[in-house]
Amino acid sequence: MPRLNLRRLIILLAMLSGLVTLGIGFYASYKVQRDSLIQSTLAANHAYAAKLADGTEGFFRSAQQQLAVSAEVISAQFNDDQVLDQEARRLRRQTDSFNAVIITSVQGRVRATAPNTGILVGQKLESPGARQALDERKPLISSPYVSALGTLVVLISHPIVAADNTYLGYVGGVIYLRELNILHSMLGEHFYQDGSYLYAVDQTRRLLYHPQPTRLGSVVGENAAIDNVLRGESGSLRVTNSQGVDMLAGYAPSPAAGWGIVAQRPTADTLHPLDDLMLRVLRETAPLAMITLLCIWILARLITRPLSQLAQSASEMDAPDSAERIQRIRSWYLEVAQLKRAMQVGITLLHQRIGKLKLDAQTDPMTGLHNRRGLALALDVLSASGRPVGVIALDIDHFKRINDSHGHDVGDEVIRHMAQLMKTCSRDADILCRSGGEEFLMLLPDADIESATRVAERLRGSVEQERIPVVEHITISLGIAVWPEHADNLERVLKLADAALYLVKQRGRNRAEIAEPDAAIS
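Residue numbers run consecutively from 1 along every chain, following the written order of its sequence. For a predicted model such as this one, the threshold for reporting local features is a pLDDT of at least 70, and the threshold for listing and counting side-chain atom pairs is 80 or more; totals across whole chains, interfaces and linings nevertheless cover every residue. Water and hydrogen atoms were dropped before computing side-chain values, which therefore reflect all heavy atoms in the structure.

A. Focus on the pairing of strand β14 (residues 439–445). Here's how the labels work: a residue is buried when its accessible area is under 20% of the maximum for its type, exposed when over 50%, partly exposed in between, all with a 1.4 Å probe on protein chains only. Numbering of helices and strands runs from the N terminus; a helix is a DSSP stretch of H or I covering at least four residues, while a strand is a stretch of E covering at least two. Most of β14 is tucked away, with six of its seven residues classed as buried. Two strands qualify as a pair provided that DSSP identifies no fewer than 2 bridges between them. Pairing of strand β13 (residues 431–436) with β14, which is carried by five bridges, proceeds in the antiparallel orientation. By the bridge assignment, Cys433 is partnered in β14 with Leu441. Linking two consecutive strands that pair antiparallel, namely β13 and β14, is a turn of two residues; a positive phi of about 55 degrees is found at Gly437 within it.

B. View of the pattern of salt bridges. The working definition used for a salt bridge is a side-chain nitrogen of Lys or Arg within 4 Å of a carboxyl oxygen of Asp or Glu. This model, assessed by the stated rule, comprises 22 salt bridges. Across the salt bridge formed by Arg427 and Asp430, the nearest N and O atoms sit 2.7 Å from each other. Residue classification places Arg427 among the partly exposed residues on the basis of a relative accessible area of 26%. When salt bridges that share partners are traced, they join Lys31, Arg34 and Asp35 into one network.

C. Up close: the confidence of the model for the protein chain. What pLDDT conveys is the predictor's confidence in a given residue, as a value from 0 to 100. Looking at the protein chain, pLDDT values average 82 and 83% of them are 70 or higher. Ignoring residues within four places in sequence, the model shows residues 335–351, a span with pLDDT below 50, making 18 contacts including any to other chains. It only takes one pair of heavy atoms within 4.5 Å for two residues to be counted as in contact.

D. Structural detail: the nonpolar core. To define a nonpolar core, start from buried Ala, Val, Leu, Ile, Met, Phe, Trp, Tyr and Cys residues and group those joined through side-chain atoms within 4.5 Å. If you look at the biggest cluster of nonpolar residues, it comprises 31 residues, and the most contacted ones within it are Leu394, Ile396 and Leu459. Breaking this core down by element, the ones donating at least two residues are β12 (389–396), α10 (399–406), α11 (408–424), β14, α12 (449–465) and β15 (476–483). When residues in this core are grouped by element, the largest group, seven residues, is from α11. Those residues within four positions of Leu394 in sequence are excluded, and the remaining contacts are Met418, Met422, Glu438, Glu439, Phe440, Met442, Leu459, Ile476, Ser477, Leu478 and Leu501. Phe60, Val154, Ile156 and Val171 belong to the second largest nonpolar core, which has 28 residues in total.

E. Structural view of unusual backbone geometry. With omega at -10 degrees, the peptide bond leading from Ala114 into Pro115 counts as cis. Residue position: Pro115 is located in the loop between β2 (110–114) and α3 (128–136). The peptide bond linking Trp483 to Pro484 adopts the cis configuration, its omega dihedral lying at 10 degrees. A positive phi angle is found at Arg205, which is not glycine, with a value near 70 degrees. Topologically, Arg205 is positioned in the loop between β7 (197–201) and β8 (207–209). Located in the positive-phi region is Asp446, a residue other than glycine, with phi close to 65 degrees. By the element assignment, Asp446 lies in the loop between β14 and α12. Using a relative accessible area of 38% as the deciding quantity, one classes Asp446 as partly exposed.

F. Layout of the environment of Arg111. Take Arg111: it is sitting in strand β2. Taking the relative accessible area as the measure of exposure, Arg111 reaches 19% and is therefore buried. Along the backbone, Arg111 and Asp81 are 30 residues apart, and their C-alpha atoms lie at a distance of 7.0 Å. In this view, Arg111 contacts Phe78, Asn79, Asp80, Asp81, Leu84, Ile103, Thr104, Ser105 and Val121; residues no more than four positions away in its chain are not counted.

G. Region of the structure containing α11. A helix's residues, less one, multiplied by 1.5 Å, set its expected span. Taking 1.5 Å as the rise per residue, α11 with 17 residues should run 24 Å; its terminal C-alpha atoms sit 24 Å apart, in good agreement. Residues of α11 that are buried sit in contact with β12, α10, β13, β14, α12 and β15.

H. Summary view of the sheet that holds β7. Pairing is antiparallel in the open sheet, where five strands are placed in the order β8-β7-β11-β10-β9. The open sheet has two edge strands, β8 and β9 (235–240), and neither has a second partner. Direction aside, the axes of adjacent strands within the sheet are offset by 35 degrees on average. Each axis is a line fitted through C-alpha atoms, taken for helices only over the stretch in contact, and angles between the N-to-C directions span 0 to 180 degrees.

I. Just the sheet that holds β14, in detail. Pairing is mixed across the open sheet formed by five strands, whose spatial order is β13-β14-β12-β15-β16. Each edge of the sheet is formed by a strand with only one pairing partner; in this case those strands are β13 and β16 (512–514). On average, adjacent strands in this sheet sit at an angle of 20 degrees to one another, irrespective of strand direction. One ladder, built from seven bridges, connects β12 with β14; its direction is antiparallel. Note on β14: the bridge partner recorded for Ala393 is Leu441. The strands touched by helix α9 (residues 372–385) are β12, β13, β14 and β15; relative to β14, the strand with the most contacts, the crossing angle is about 25 degrees.

Printed below as a string of structure tokens:
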């Protein structure tokens, strides 16, 4: 059986080691960033679902309070049909909380309604919501049901009780789940171009809100996120939804109505940018890897040459000049050391490349936001894409006073709290940076002046209302600019946003200011 000579074995071993090292480094980098993307998306979806659940809870409390006040007003004049009609119309016009308002007698007959949508005065209501309100005689939010008009509705009702505690009937606000109202608008604000969306379900797993109107009223099949949220749990989970799509879901309950709110995004959409990034890294790394492997091959041939000479000399021991020829060959131990160094050079080159990849993906260790290097890379990508970008420059008002009064540990905690609020008030596609100290930047792809201003005001209001341990409340100042509306390059837009921020500081802080565009642009 023929044997491989030492030269070929060393060359094969060197090249195989280089390829394995490159593959392991590439896979490890991909795995770490993939897990980080999944966890951050799960956390963001959970935070958004909890925020919407709290908003839904607040809406129901507000609606019940409106009905309670109305019930008290009309209880003393319940026999006056004109008063009841006026009160029903007032309730309907006062806010967009209800699509319709009805007032019924103790027998369930309609005394007043607004607007007139097919329910007639004097008509006896037999819907599940009406029967539940008459039976329980207490403030309640009905389970969703299909009305006599074939509409999926929810009835929020409050009993009308006379001064002597006699039950007179109830006043109710009807919400048509397939039509526009405050609840629909609030849930419908969650729309991004990254594949994420939000839906709401009741205790029977029926869809009460969904971006696809045709799915409203349908019952969702097996879904672990829905199982958890209907048990009153709040959290995040990677699930396969009823359509067979792998999703990253965050969920939170709304106890007042027994609803569950779920915000989710397809896992494939979340990981798609990472796949593109890794392909780009592979393309950029391949030439260097090929050069490295070529160098290894050349070095291996050089290293094995003395060993080949020794082998040749050993096979010609009977030759007259064999001793002289062996003498001219360099020491075997020196050649072994050279081989080891050559392998170390190859591995070092690969590690340097992997280290550069990790350095490019570095973030600010305190906040988890992009650092200045991450910001520079983001600006390069956004400039190359040609897409509009909204820029918000912001910092914490009187931050030095916080450090001086409470110490740097408290100041660091305020900065971390600020970063978390920025994440809560932004989209997954937005780029959040800590540019230094208490200074931050938000880059909003595809944002115009109006949307950037809304984000800035939403963040400013959230910060102002947030209670932070030790320091209680803080405020922020914000400067807003948009590329290419304000300037012809992103670097200039950042400076304009900083200038607007400086102007806010001069005018009293705790506000947002839109930058003045360059003269050439305006």
